[in-house]
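# Observations on chain architecture
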Amino acid sequence: MSEIPVRDVPALLLHTVPESARFIAEKYGLPAEQAVLTEDAIVGLYRLLAECFTEPVLMSQLQSSAPDTELLQRCWGFVESIVDHSSEHVGGAVYFEVLEQLLNPGTLIEDSWPYMKERTRARTVRMLDSYGVYLPGINRR
């Protein structure tokens, strides 16, 4: 699988998770399809992920009593496509604005685990190990 160019990550988010469109449009004051093509969306990837993906879409679903499993699969599919990106800008944005947010109180990691794919799971386990957080069935045997 070839790596997504950095400039294409915001558009990939919109394409994979169209539920983020309203939040993207509100943040940039442009139609989402235009906003994801701007330099601001690329340079501000950390904030884009936090404000238009993680908090309003991903966390909302993980905290829901009736989450949309198809949406969660697409959310984690998007993360999987960029989690090991060679650009520190992209990789850092995923780490700090998506994966670290799963450390908030509750069972966010456990609830996410069934939807995560191989590379995202491996990165999550490394993160948990680095913080000394051990979860049965995930990184504690």
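Below is a summary of the structure that appears in this document. Along every chain, residues carry numbers that run from 1 in the direction the sequence is written. At least 70 in pLDDT is required for a residue's local features to be given in this predicted model, at least 80 for side-chain atom pairs to be given and counted, and no such filter applies to totals for whole chains, interfaces and linings, which use all residues. Each side-chain value is derived from all of the structure's non-hydrogen atoms; neither hydrogens nor water enter the calculation.

## Describing the nonpolar core
To qualify as a nonpolar core, a set must consist of buried Ala, Val, Leu, Ile, Met, Phe, Trp, Tyr and Cys residues joined through side-chain atoms within 4.5 Å. Only protein chains enter the area calculation, which uses a 1.4 Å probe; residues under 20% of their type maximum are buried, those over 50% are exposed, and those in between are partly exposed. Core analysis: the biggest nonpolar cluster contains 46 residues, and Ile24, Leu49, Phe53, Trp76, Phe78 and Leu102 have the highest contact counts within it. For the purposes of this entry, the term helix denotes a DSSP run of H or I that reaches at least four residues, the term strand denotes a run of E that reaches at least two, and both are numbered from the N terminus. Here this core gets nine residues from one element, more than from any other, and that element is helix H5 (residues 45-62). The contact rule is simple, with two residues in contact once any of their heavy atoms fall within 4.5 Å. If near-sequence neighbours (up to four positions away) are discounted, Leu49 is found in contact with Leu13, Thr54, Phe78, Ala93, Val94, Glu97 and Val98.

## Focus: the pattern of salt bridges
Within this document, salt bridges are pairs made up of a side-chain nitrogen of Lys or Arg and a carboxyl oxygen of Asp or Glu, the two lying within 4 Å of each other. Here the structure, examined in full by the defined rule, presents eight salt bridges. Across the pair Arg22 and Glu26 runs a salt bridge whose closest N-O atoms are separated by 3.7 Å. Here the residue Arg22 and the residue Glu26 both occupy positions in helix H2 (residues 21-28), the gap between them amounting to four residues, near one helical turn. A relative accessible area of 52% means that Arg22 is categorised as exposed. The class of Glu26 is exposed, set by a relative accessible area of 54%. For the salt bridge of Arg119 with Asp84, the shortest nitrogen-to-oxygen distance reads 3.7 Å. You can see Arg119 sitting in helix H9 (residues 118-131) and its partner Asp84 sitting in the loop between helix H6 (69-82) and helix H7 (88-99), a full 35 residues away along the chain.

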